[in-house]
Amino acid sequence: MNRLLQTLSQMLSLLVVCLMLCAAAAWTGHLLGHEIGAEAKAGAPASPTQAATVPADVLAALSLQGASVEQHDSAVWTVRHADGTPGGEIVTSAPFAKHVEGFAGPTPVFIHLTPEGKVAAIAVGENAESPDFLARAVQGTLPHWRGLTPAEGAALQVDAVSGATYSSASLITHVRQALAAYAATRTTTLQAPAIGWLHTGLVALVLALGVAARLLLKRHRAVRLLVWALNVGVTGFWCGQFLSLSMLRGWAAYGVDPLLALPAVLMLLVSVCMPLFRQKQHYCTWICPYGSAQSLLAALPTPKVQVSARIARIMGQVRQGVLMLLLFTLWMGTGAWLLDYEPFTAFTPSVAAPAVLVLAGTFALASLFVPHLWCRSLCPLGALLQLAEHDTPGLYDALRKPHAGRQPSGQAPASHKP
C-alpha cells in the first residue's frame, strides 16, 4: 500500500511539471497544438498555422518588396508588382500541413510561383525553431525546388539535413504538401521517424542497454563506461538525439508527432517511467549525452575539487532557482531566446551557435575537476525532471496517515517500556 501511495504521489508531481510546461507554452497562443486566447476565440489568425495576409518580412524574403497581394483563397494570394505587372502567386502550406512540426513546432512556408507557374522562391513563416537549426535546414532544402512546377515539386524527394533533421524534415513536408495541394494532387506526410528507422533503432538499443545496466549491472564500472560512451557517440553525435527544455516547451505548445519524434519520445518515456520503479535521475545519469560526457571526463584520473555537503546543497538550490527564473520569463513571454543556449545542441556542432559550443566545452572541461558541474548547479532540464520524480510534499503523508498506527487484526498494541 505504501508503495502504491508513493507512486501516486510521484505521478501527481509529474502532472504538476506538465502544467508548468503548459503555462510556459501558453504565451505563444498555442497549447498542445490548439490555439488559445482572445485571437483564437475571435477566429483571427493567431499562429504560424494560419495567415490572413502575407507578412512584410516574408515578402522581403521572397524578393517582392513593394509588391501588392490580393487573397485568392485561404492559401493562395495573387501578386502584382509595384509597376502593375502580374507577379504570379504565393502559396502557403499552413492549411495543408497544420500538424507537421519541426523541433519546436510548425514551420509553415510561403512559396512564390512565377506567372509561368514555376517556383521562384520559398520563405519560412512564423515559427519557434532555433535560428541556427532553421538556417541550416533552409540552406540544405529549399533551393532544391527552385524552377520546378508544382507537380514536379510535389514529387521531388529531398533528404533531411544532418544536424537539423527535425526542422528540415518539417520544411520538406510543408513544401511538398503545399505544392501538391496547389497542383490538385495528393501526397503524404512522413511515415517514419525524422532520423530514419536505423538510427531510431540504435537509440532504442542504447536506451535498453542503459535500463538493463541500471537495474542489473550498475556496480560494474566497465558497463557504466560503455553506456556513457554509447550515449555520447551514438545517441549524441551520431543520431543527434537529446531532450531539452526548448523541445518540451515546443511539444507543450504545438503538440508532437510521436512517429516523427519517436527517438526523443522514447527517451522521455524512459526518463519519467524509471523513477516509478525507484530508479531516480535516470535521464541525467544513464541517458543524457551531455551528462554522460561529463561522467566520462570525471572518470579520468585528474585532481578533483572536494565539494562539501553544504556546497552541494547550495548548488542544487541554485539549479532550482535557475529553472524557476527561466520558467518565470517564459510565463511572461520574454525568455524564449534563453532556450537557444542550452548546451545540448553542441552535439550538432555544424549548426550550434559559437556561444553554445563555448558554454558546452567550458562545463565539460570543468567536469575534469568538479564532476557534473553543469548538471548539479545549472541544468534547468535536470531540475525539471527531478521535480517530476519527487514525492509531492505532504501528499504521501496525507494519504498514508489513515493507515499509520493501524494494528493487524486480533493483535493488541505493542506495550511501551518506561
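Our structure's up above, just so we're on the same page.
Description of the structure in this document. (Residues numbered from 1 in each chain as written. Predicted model: local features only at pLDDT ≥ 70, side-chain atom pairs only at ≥ 80, totals over all residues. Heavy atoms only, no water.)

### Considering the packing of helix α7 (residues 196-216) against helix α10 (residues 262-273)
At their nearest, the axes of α7 and α10 sit 9 Å apart, and the two run at 15 degrees to each other. Compared by their axis directions, α7 and α10 come out roughly parallel. Here α7 runs over α10; the crossing is right-handed. Across the interface between the two elements, W197, T200, V203, A204, L207 and V211 of α7 pack against L262, P263, L266, M267 and V270 of α10. (Axes fitted to C-alpha atoms, helices over the stretch in contact; angles between N-to-C directions. Helix = DSSP H or I, 4+ residues; strand = E, 2+ residues; numbered from the N terminus. Parallel < 35°, antiparallel > 145°, perpendicular 65-115°, else oblique. Left-handed = near helix turned anticlockwise from the far one by under 90°. Contact = heavy atoms within 4.5 Å.)

### Observations regarding helix α16 (residues 380-389)
Among the ten residues in α16, nine count as buried, and that is most of the element. When α16 is considered as a whole, its buried residues turn out to be P380, L381, G382, A383, L384, L385, Q386, A388 and E389. (Buried < 20%, exposed > 50% of the residue type's maximum accessible area, 1.4 Å probe, protein only.)

### Description of the sheet that holds strand β5 (residues 86-92)
Reading across the sheet, the five strands line up as β3-β4-β5-β6-β7 and stay open at both edges, with antiparallel pairing between neighbours. Edge positions in the sheet fall to β3 (68-71) and β7 (119-124), since each of these pairs with one other strand and no more. Along the sheet, successive strands turn relative to each other by an average axial angle of 25 degrees, direction set aside. Bridging between β5 and strand β6 (residues 109-113) involves four bridges; their strand directions are antiparallel. The residue of β6 that forms the bridge with I90 is H112. Here helix α6 (residues 165-182) sits on the sheet in contact with β4 (76-80), β5, β6 and β7, set at roughly 45 degrees to β6. (Pairing = 2+ DSSP bridges.)

### A look at the nonpolar core
Of all hydrophobic cores here, the largest spans 59 residues; its most connected members are Y283, Y290, F344 and L381. Per element, the largest residue contribution to this core is seven residues, and it comes from helix α9 (residues 245-254). In this view, Y290 contacts P343, F344, F347, L359, A360, F363, A364 and W374; residues no more than four positions away in its chain are not counted. One finds V76, A164, V175 and L179 within the second-largest nonpolar core, a separate group that totals 22 residues. (Core = buried A, V, L, I, M, F, W, Y, C linked by side-chain atoms within 4.5 Å.)

### Concerning the side chain of S271
Mapped onto the secondary structure, S271 falls in helix α10. Look at S271 and you get buried, because its relative accessible area is 5%. There is a polar contact of 2.6 Å between the side chain of S271 and the backbone oxygen of M267. Filtering out sequence-adjacent residues up to four positions away, S271 remains in contact with L243, Y283 and I287. (Polar contact = N/O pair within 3.5 Å; in protein donor to acceptor, adjacent residues only side chain to side chain.)

### Some points on the environment of A180
Considering the arrangement of structural elements, one finds A180 in helix α6. For A180 and A154, which are 26 residues apart along the polypeptide, the C-alpha to C-alpha distance reads 4.9 Å.

### Things to note about the side chain of H112
Within the fold, H112 resides in strand β6. With relative accessibility at 7%, the residue H112 sits in the buried group.

### Concerning unusual backbone geometry
One non-glycine residue with positive phi stands out, namely R278, at about 65 degrees. Relative to the assigned elements, R278 resides in the loop between α10 and α11 (282-286). The exposed category is assigned to R278, whose relative accessible area is 60%. Of note in the backbone geometry, Q281 takes a positive phi value of approximately 55 degrees without being a glycine.

### As for the packing of aromatic side chains
One pass over the structure, following the stated rule, counts five aromatic pairs. The interplanar angle of 70 degrees and the centroid separation of 5.3 Å between the aromatic rings of F363 and W374 together place this pair among those described as edge-to-face. Of the two residues, F363 is situated in helix α14 (residues 354-366) and W374 in helix α15 (residues 373-377); the sequence distance between them amounts to eleven residues. Like W374, F363 is buried. In this structure an aromatic cluster arises from ring pairing among F242, Y290 and F344. (Phe/Tyr/Trp six-rings, centres within 6.5 Å; stacked < 30°, edge-to-face > 60°.)

### Topic: the environment of D340
Note that D340 resides in the loop between α13 (309-331) and α14. For the pair formed by D340 and D132, sequence separation is 208 residues and the distance between their alpha carbons is 8.7 Å. With near-sequence residues (within four places) excluded, D340 lies in contact with S130, P131 and V356.

### Some points on the pairing of β6
Taken across its five residues, β6 has five buried, putting it largely inside the fold. Neither face of β6 is left uncovered, since the one carrying V109, I111 and L113 and the one carrying F110 and H112 both have all their residues buried. Here β6 runs beside β7; their pairing, made up of five bridges, is antiparallel. Residue pairing for β7: L113 is matched across the bridge by V119. Here β6 hands over to β7 after five residues, with G117 in that stretch at a positive phi of 85 degrees.

### Here's the deal with the packing of α7 against helix α8 (residues 221-238)
Think of two packed helices as two axes; the pair is described by the angle between the axes and how far apart they sit. Across the interface, α7 lies against α8 with an axial gap of 10 Å and an inter-helix angle of 155 degrees. Between α7 and α8, the interaxial angle falls into the category roughly antiparallel. Between α7 and α8 the crossing geometry is left-handed. Here α7 contributes H199, L202, V206, L209, G210 and A213 to the contact with α8, which in turn contributes V223, L226, V227, L230, N231, V234, T235 and W238. Here the contact of α7 with α8 is composed, by residue class, of ten nonpolar, four polar and no charged. (Nonpolar A, V, L, I, M, F, W, Y, C, P; charged D, E, K, R; others polar.)

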